[in-house]
There are 6 protein chains.
Amino acid sequence: MISARNQLKGRVKSVTLGAVMAEVVVTVGENELVAAITRHSVETLRIQVGDPITVVIKATEVMLQKD
Amino acid sequence: MISARNQLKGRVKSVTLGAVMAEVVVTVGENELVAAITRHSVETLRIQVGDPITVVIKATEVMLQKD
Amino acid sequence: MISARNQLKGRVKSVTLGAVMAEVVVTVGENELVAAITRHSVETLRIQVGDPITVVIKATEVMLQKD
Amino acid sequence: MISARNQLKGRVKSVTLGAVMAEVVVTVGENELVAAITRHSVETLRIQVGDPITVVIKATEVMLQKD
Amino acid sequence: MISARNQLKGRVKSVTLGAVMAEVVVTVGENELVAAITRHSVETLRIQVGDPITVVIKATEVMLQKD
Amino acid sequence: MISARNQLKGRVKSVTLGAVMAEVVVTVGENELVAAITRHSVETLRIQVGDPITVVIKATEVMLQKD
C-alpha cells in the first residue's frame, strides 16, 4: 500500500512513445487523465491500449481551481 | 488556459487546515481526490465545503500502477 | 483562479519540440524560466515565440538555496 | 551545480512556521515567489527575513498559462 | 507494480506529525531519506518507527548535482 | 546549500538522450536511482558515464509504501 492518496481505476486509451518519455492517456469514468512517465516504465509494465490500470497521484501534486 | 493536462470537475467534501498546509478532499464522480495545498491558497480562494471546484494536475506528476 | 501560488508574467523566447515533451523558455523580467511540458500542451495552447504567457508553479515545488 | 534549470536570486520577505512545513515568501525583482519547504530545512539553512536567497525550480514542475 | 522508477527498501527512523503533513525519516543503507507526506497517510498505513518500508520516487522528480 | 532534504552520492551508470528529456541512471550504494531531467541540463553539466554525482530530491516528492 502506497502513501499516495489519489488512486483512480481506469483503462488505457492511448500510448505515445518518445525516446525517453511516454504519454499515456487513461479513461477514468467520464474523464480522461494523462500521465507523462518514462518510456522505460511503459515497457517494463507492458502498458498497452485497453489495459485496466490505476492512476496514482501524490496529494502534494494536486491543485485546485475555482471559477 | 493552463498547460496542465488533467482537469476534473468536482465538489469540495472537506477542508482541514494546518498552520501552513491544508488538505482538501474533492468528490469527482464516484472518486475522491485529495489536494495538499497551502492554507493561504484555501483562504485566498475561499474554498469551502460544497463548493464546485476543478482539480488540476500536471501530466508529469501522474503515475500508473498495473496489477 | 488556481491555487498555485507562483504566477509570473513573461514572454515566450523559444520552443523546442520532442516526440512527447517540449521545452519552452520564457523571459520574465531580467530572468529566464524553463518549462518542460507535454508537446500536446504546446500545440493545444498554440504556444509560439513572442507570445505573452504566465508561468505557474505550485509552492510545494519550490526550493531555496542559500550561499 | 544542480540540474534544476530555474534559479532566481531574491530576498526573503517572510517565514511562516508550521509543525512540519514552512512557507517562505521571496521577493524576486518585481515578483514574489512562495516556497513550501520543510520546517527542518528552514532551520538547517537558518532562513531569516532579509536573507539573500536563490529560488530553485525543476523545469518539469513549471506550467504555462495563456490568456 | 507502479511506474515510479525509484524504489528503495529501508526502515522508519522517525515520524513527526503536523496537523496536515507529516515528516518521515527512513534509513536506506548508509543514507537517510526524508518524506513529507500527509498525516492521514501516516495514519492509514500505520507507519511507525522501526517499520520496514519502501521509499518510492517518480523519476521526473529527481535532480542531479555535479560538484 | 539547497533546501532539498534528500542528497545521495553516487556514480553515473548510463545516459539516454531524447530531443527534450534525458534519462540518467545513477548507482547509489547497492541501489540504482533514475532521473528524468532535460537534455539541456545533461549537456550543461556535462554528465557522462562514470561521473561522481549527487542525486537530489525534495522531501515533498517522496512517497512511502508498506507491504
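Structure: above.
Notes on the structure in this doc start here. Everything numeric here is computed off the predicted structure, so don't read it as measured data.

**Side note on the overall build of chain A**
So, step 1. Across its full length, chain A carries one helix and five strands.
So, step 2. The 67 residues of chain A split such that 61% are buried.
So, step 3. For chain A, the proportion of contacts with a sequence separation of at least 24, taken over those separated by at least 6, is 45%.
So, step 4. For chain A, the distance from the average position of its 8 positive side-chain charges to the average position of its 7 negative side-chain charges is 7 Å.

**What to know about the interface of chain D and chain C**
So, step 1. With 35 residues of chain D in contact, the opposing surface of chain C contributes 35 residues.
So, step 2. Both faces considered, chain D and chain C share a buried interface measuring about 3300 Å² in area, 59% of it formed by carbon and sulfur atoms.
So, step 3. With its nearest N and O atoms 3.1 Å apart, the salt bridge here joins C:R5 to D:E23.
So, step 4. Viewed at the interface, chain C and chain D are joined by 16 residue pairs in polar contact (both at pLDDT 80 or more).
So, step 5. Counting residues per element, the side of chain D that touches chain C draws most heavily on strand β3 (residues 31-38) of chain D, which supplies seven residues.
So, step 6. The residue makeup of the side of chain D that touches chain C, split by class, is 20 nonpolar, five polar and ten charged.
So, step 7. Strand direction decides the pairing type here: strand β4 (residues 52-57) of chain C and strand β5 (residues 63-65) of chain D, joined by three bridges, are antiparallel. Note on β5(D): the bridge partner recorded for C:V55 is D:L64.

**Remarks on the interface of chain E and chain A**
So, step 1. Taken together, the contact pairs 17 residues of chain E with 17 residues of chain A.
So, step 2. Both sides of the chain E and chain A interface together cover about 1400 Å² of buried area, and 66% of this is carbon and sulfur.
So, step 3. Inspection of the region where chain E meets chain A yields zero salt bridges.
So, step 4. The tally of links from chain E across to chain A stands at eight residue pairs in polar contact (both at pLDDT 80 or more).

**Observations concerning the sheet that holds strand β3 (residues 31-38) of chain B**
So, step 1. The antiparallel open sheet is built from five strands, whose spatial order is β5(A)-β4(B)-β1(B)-β2(B)-β3(B). With one partner strand each, in any of the chains shown, β5 (63-65) of chain A together with β3 of chain B form the two edges of the open sheet. Strand after strand, the sheet turns through a mean of 45° between neighbouring axes, direction not considered.

**Quick look at the side chain of E:S41**
So, step 1. Here E:S41 shows up in helix α1 (residues 39-44).
So, step 2. Residue contacts for E:S41: discarding those within four places in its chain leaves A:S3 and A:R5.

**Observations concerning the relation of the copies chain D and chain C**
Copy one and copy two of the chain differ by a rotation about an axis and a translation along that axis.
So, step 1. When chain D is fitted to chain C, the best match, at an RMSD of 0.0 Å, comes from turning it 180° and sliding it 0.0 Å along the axis. In symmetry terms, the pair is related by a two-fold rotation axis. Of every C-alpha in chain D, the one belonging to D:E61 sits nearest the axis of rotation, 3.3 Å from it.
So, step 2. Looking at chain D, 100% of its interface residues are interface residues in chain C too, so the copies touch through the same face.

**What to know about the pairing of strand β4 (residues 52-57) of chain D**
All names here are of chain D.
So, step 1. With respect to burial, β4 is a largely interior element, five of its six residues being buried.
So, step 2. In this sheet, β4 lies alongside strand β1 (residues 6-17) in antiparallel orientation, the contact comprising six bridges. Of the residues in β4, the one forming a bridge with Q7 is V56.

**A word on unusual backbone geometry**
Note: most peptide bonds trans; most residues except glycine with negative phi.
All names here are of chain B.
So, step 1. Unlike most non-glycine residues, R46 shows phi in positive territory, near 50°.
So, step 2. For R46, the location among the structural elements is in the loop between α1 (39-44) and β4 (52-57).
So, step 3. By relative accessible area, which is 64% here, R46 ends up exposed.

**Some remarks on the side chain of E:D51**
So, step 1. In this structure, E:D51 sits in the loop between α1 and β4 (52-57).
So, step 2. For E:D51, the residues in contact, after removing those within four places along its chain, are E:G10, E:R11, E:V12, E:R46 and F:K66.

Conventions used here
- Residues numbered from 1 in each chain as written.
- Chains lettered and ligands numbered in written order.
- Predicted model: local features only at pLDDT ≥ 70, side-chain atom pairs only at ≥ 80, totals over all residues.
- Heavy atoms only, no water.
- Helix = DSSP H or I, 4+ residues; strand = E, 2+ residues; numbered from the N terminus.
- Buried < 20%, exposed > 50% of the residue type's maximum accessible area, 1.4 Å probe, protein only.
- Contact = heavy atoms within 4.5 Å.
- Lys, Arg positive; Asp, Glu negative; His and termini not counted.
- Charge placed at Lys NZ, Arg CZ, Asp CG, Glu CD.
- Buried area = accessible area lost by both parts, 1.4 Å probe.
- Salt bridge = Lys/Arg side-chain N within 4 Å of Asp/Glu carboxyl O.
- Polar contact = N/O pair within 3.5 Å; in protein donor to acceptor, adjacent residues only side chain to side chain.
- Nonpolar A, V, L, I, M, F, W, Y, C, P; charged D, E, K, R; others polar.
- Pairing = 2+ DSSP bridges.
- Axes fitted to C-alpha atoms, helices over the stretch in contact; angles between N-to-C directions.
- Least-squares fit on C-alpha atoms with pLDDT ≥ 70 in both.

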